[in-house]
Each structure stands twice: as structure tokens, then as C-alpha cells.
There are 2 protein chains.
Amino acid sequence: MVAMATKIQKSERRPDALSKERIVGAAIEILDTDGEGALTFRALAARLATGSGAIYWHVADKSDLLAAATDAVIARVMAAIDRGAEPREAIRSLALGLFDAIDTHPWVGTQLTGSPWQPAMLLIFEGIGGPLLVLGVPERALFDSWSALVNYILGVAGQNAANARLHGQETDRSAGLASVAEQWAQLDPARYPFLRRMATQFSEHDDREQFLAGLDLILAGIGTVR
Amino acid sequence: MVAMATKIQKSERRPDALSKERIVGAAIEILDTDGEGALTFRALAARLATGSGAIYWHVADKSDLLAAATDAVIARVMAAIDRGAEPREAIRSLALGLFDAIDTHPWVGTQLTGSPWQPAMLLIFEGIGGPLLVLGVPERALFDSWSALVNYILGVAGQNAANARLHGQETDRSAGLASVAEQWAQLDPARYPFLRRMATQFSEHDDREQFLAGLDLILAGIGTVR
DNA sequence: ACCTGAACACCGTTCAAGT
DNA sequence: ACCTGAACACCGTTCAAGT
């Protein structure tokens, strides 16, 4: 049978019609503004001035919605990455881009893990591995090096998300750090020699700097493979 | 006022009385057997042959319950760690102990992050930092080295938990790996040179080995600091 | 002091009914 | 084709009432 010209349905719809993009956009707003707990189908329907069931016409279920929202944010990050930089710098740039994205959208960190089929994830994977090729990492160390970087970068992403989930944005971070540091300072020095010594540094540390320092240690480790 | 001798209430209770320990034990069984989604106060009450409200007498809320369950598992892991080994080996032993514990109790990985006040977490922190002192890592690199290891170890823990949450234990892992690898093998080699090359290795990789390889890369990186 | 279980205020998801 | 919103089967948590 000869293919018939199919009418483009989308363009006929009224401009405020529901679409997966509009739903995902509204979901991102809710997630960013009020946190993961605030994203309910009822809240989403209210914001979109529709019924909760209408959303299911465009979205399979809540995990589909979260995956789509994550994909949208990650795609934006990846588009902004500094291509063609020195390989180590390219990896740092990608890693920091992800770190900052998760800092502003903590819920992304929760989602980011364990869906290696999402297109955004492919971009991340290649964005970490590609520079390793350029760097001339020996064949036998390629996979281990890539895997270490991916595990580290996505792992820290998840941690930050969990931290953000734990204490909402209102909590005074430096006060929290100070109280932990004080607890460390009072530990038995015979049993906790390390934490005692690190108390001050812990109270002054910056998560982003530590993230980058760890990344550089892994890159240094990769550099030792000859 | 002079302290009065207080009767020890606990010993008078009937042996099957509810206690936080019994509740936590039952919760761990449910979590291990049926997963995070199956731990509800109703299911827990049914297993303990009591009312759901009774649990609240011993446990503040669900997050308290999860924290206590996590603490119990971690404490067991830490007790089994090989103390007094060569420092690098001590770190590996601790890391693998955590990895394996999360492999059998995936829900622990979800919890493990972001509660640096839990006693079990202190043991982990010191267990990673202590060997760095023995290793003679220079003062200025101590905190970065510790932070990188902690971020990596807990990060991968969280990832594994997310993976386990994603596809329940019934999913055939090697089939999943193979299908991802096949997808990679068909990517455009101009845009995805790395993933194309890694497809085979990805399909054959072992998470535990990759975890250890990454840890060794970080330790190698720490070794470059003089 | 500790336990019971109904009740409350939520969820995600479905589905008959509308346009 | 798309939308509506009530209904269903759950949750965590509370609380009056029991022992």
C-alpha cells in the first residue's frame, strides 16, 4: 500500500494543549522549587490546570516522568560542555558541569544512576571515555579508568542529591559542618586519630573542591599506568 | 536530689515483647527478602503480630527505622574488618566489606549517604582515614585523599543500591549487559568512538572487580603525592 | 508502660465518561 | 485523540481506647 500523507496532528492543537514537553517542564519547576517530595500528579495537574489522569495520556508513569525530566536537564548540561579542550580538562569540565547541575537540581542525582540506555547517559559515558582515548591511556587500562571515573562522578552526584534530600535548602550548612567537626574533635584520640586531626579541615571544606580534588587523584592514578 | 535505684524494666518484660532490636531485625528481614518497597508499617506489624501503632512506641518514624537497620548492618561489617593489615590492604578490606554488604542488603546503599553523625559512619570514616596516616600520606594531601576515597566508596555503594532497586533480583544481569553492549556496538563510530570500542568489555565486566580497580587507581593517585 | 487498630490525610494509578 | 475527575488500593502517622 502506498504511504498516505499523514496530517500533522500536533500543529493543529491549541497552543496551551498538554504535551510531554509541557508536562516535563512543569515537573522540573516543581522539583526545583519544592523538592522531590512535592512532585505529585495532583500538584502537577493543578499547575497545568488539568486532571491528574490527563497526564497519563502523555507519560507512562512517575518514573517515566522523572526519567524525561532528568534527560532534559542532562542534555542541557552536555550541550554546554567545552568540546575539544585538553582531554583532562574536558573530563573536568564535564564532571563539574554535572556537579553543578545536580547542585541546582538535586533530584537529578537521584535519577542519574543505573539507566545506561538513556540517551543523555550515552553522552556522559562517551564524554568521559573519549578524552581517555585522546590521552593515550593504554588499551588494557582503558575500561578500568573509564569505569573509575564514571563510578566516581555519578556516585558523588548521587551523594549530593541524598544530602540535599536530607536537609532541605533552609538548613545552615556551615552550622551543620561545625557541629560534626566538634563531635569529631571530642572523639577518643586513641580510637579515632584521623577524624580528630581532620575536624578543622572538615568544618571548612567545600564539596565542589573536594569533588574536583578526588577527580584529579583518579586522573593522577590513571597517569601512573604505563 | 540523690539518684534512686531504678528498676530495670526490660528484664521484667515477657520474652516476645516488642523492642527496637526486634523491630529492626524484622525490618531487615523484610528489606532483604522483599526489597525496600515491601517495608511498610503494616507489613512489619503483621510480621511482629502487633498493631502498626505499637511500632511507633519504639521507633520515631520510618527514617529512624531505616537508620537503625543500616547501623546494625554496618556495625556487623565493621566488626569483621581485618584490623592491622597493611594500610592499603586495610582500606581495600573495608571497601570490599561495604561493597559486599550492600550487594546482599541493597537498601543499605540508599541509606548510607549523608548521615555523618551515625556511629557506624564514624567507624567507616576512621577506617578509611586511619590507614592513610599509617601510609604516611603528606599532611596537605590527607584530607583530599580521604575525601576522594570516602566519596568513591559511598558513591559506588549508592549506585549499586540504585541498580538493585531498578531491576529486581529476578532480572538476568548478563542479558541486560549484553543488550546494552549491543546498543553500544551499533553507535556511530564518529560520535561514539569510545563506547564502540568498550562494548565487549562492558558486556563482560564485573561490578566488584571494577569497584576494586577504581579504588586502586585512587590509591595510585594518592601515591603520586610526595 | 506498652499495645491495639480504626481513622486521617495523603499517595500513584485506573477508568468510565465526556469533548 | 485527548481530557476530566471520581474511585481504588494503597501509604505513613496519629490517637483514643484498652491492658
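Residues numbered from 1 in each chain as written. Chains lettered and ligands numbered in written order. Predicted model: local features only at pLDDT ≥ 70, side-chain atom pairs only at ≥ 80, totals over all residues. Heavy atoms only, no water.

Caption draft 1: Fine view of the domain arrangement of chain A. Residues and elements named next belong to chain A. When cut into domains, chain A gives domain 1 (1–59) and domain 2 (85–223). If you look at the interface, domain 1 gives five residues, while domain 2 gives six residues. Taking both partners together, domain 1 and domain 2 bury about 470 Å²; carbon and sulfur atoms supply 52% of that area. When the buried area of domain 1 at its contact with domain 2 is split by residue, Leu31, Asp32 and Glu36 rank highest and sum to 84% of it. (Domains from an automatic or database assignment. Contact = heavy atoms within 4.5 Å. Buried area = accessible area lost by both parts, 1.4 Å probe.)

Caption draft 2: Representation of the relation of the copies chain B and chain A. Between the two copies, chain B and chain A, the superposition gives an RMSD of 0.0 Å; the rotation angle is 180 degrees and the shift along the axis is 0.0 Å. Both chain copies can therefore be described as sitting about a two-fold axis. Mapped onto chain A, 100% of the interface residues of chain B again fall at the interface, so both copies present the same surface. (Least-squares fit on C-alpha atoms with pLDDT ≥ 70 in both.)

Caption draft 3: Structural detail: the interface of chain B and chain A. Listed per partner, the contact involves 53 residues of chain B and 53 residues of chain A. Together, the buried faces of chain B and chain A total about 4,900 Å²; carbon and sulfur atoms form 67% of this surface. The largest share of the area that chain B buries against chain A comes from Phe143(B), Phe194(B) and Leu217(B), three residues that together contribute 15% of it. Linking chain B with chain A are two salt bridges. (Salt bridge = Lys/Arg side-chain N within 4 Å of Asp/Glu carboxyl O.)

Caption draft 4: Here's a closer look at the packing of aromatic side chains. If you walk through the whole model with that rule in mind, you get 18 aromatic pairs over all chains. Here Trp146(A) and Phe194(B) contribute two aromatic rings whose centre-to-centre distance is 5.8 Å and whose plane-to-plane angle is 40 degrees, an arrangement assigned as tilted. Here the residue Trp146(A) occupies a position in helix α8 (residues 139–166), and Phe194(B) occupies one in helix α10 (residues 193–204), the pair thus bridging two chains. In this pair, the class of Trp146(A) matches that of Phe194(B), namely buried. For the pair Trp184(B) and Phe202(B), a centre-to-centre distance of 4.4 Å together with 35 degrees between the ring planes defines the contact as tilted. Taken together, the positions of Trp184(B) in helix α9 (residues 173–185) and Phe202(B) in helix α10 put the pair 18 residues apart, joining distant regions of the chain. For Phe202(B), a relative accessible area of 9% gives the class buried. (Phe/Tyr/Trp six-rings, centres within 6.5 Å; stacked < 30°, edge-to-face > 60°. Helix = DSSP H or I, 4+ residues; strand = E, 2+ residues; numbered from the N terminus. Buried < 20%, exposed > 50% of the residue type's maximum accessible area, 1.4 Å probe, protein only.)

Caption draft 5: Expanded view of the protein's contact with DNA strand D. In the vicinity of DNA strand D, 19 residues are found, and the nearest of them are Thr50(A), Gly53(A), His58(A), Arg42(B) and Lys62(B). Put simply, 49% of the atoms of DNA strand D that lie within 4 Å of the protein are in sugar or phosphate. Here Phe41(B) contributes a backbone N or O atom positioned 3.1 Å from a phosphate oxygen of DNA strand D. Among the elements of the structure, α3 (52–58) of chain A together with α2 (41–47) and α3 (52–58) of chain B are those that each provide at least two residues to the surface near DNA strand D. Looking at the surface near DNA strand D element by element, the count peaks at five residues for α3(A). (Near = heavy atom within 4 Å. Polar contact = N/O pair within 3.5 Å; in protein donor to acceptor, adjacent residues only side chain to side chain.)

Caption draft 6: Quick look at the pattern of salt bridges. Residue and element names in this part refer to chain A. Taken as a whole, this structure holds 16 salt bridges over all chains when the rule is applied. As a salt-bridge pair, aspartate 64 and lysine 20 come within 3.3 Å of each other at their nearest N and O atoms. Here aspartate 64, found in helix α4 (residues 62–79), pairs with lysine 20, found in helix α1 (residues 20–34); they are 44 residues apart in sequence, far enough to count as distant. Of the residues examined, aspartate 64 reaches a relative accessible area of 21% and is grouped as partly exposed. Linked through salt bridges whose partners overlap, the residues forming this network are Glu89, Arg92 and Asp216.

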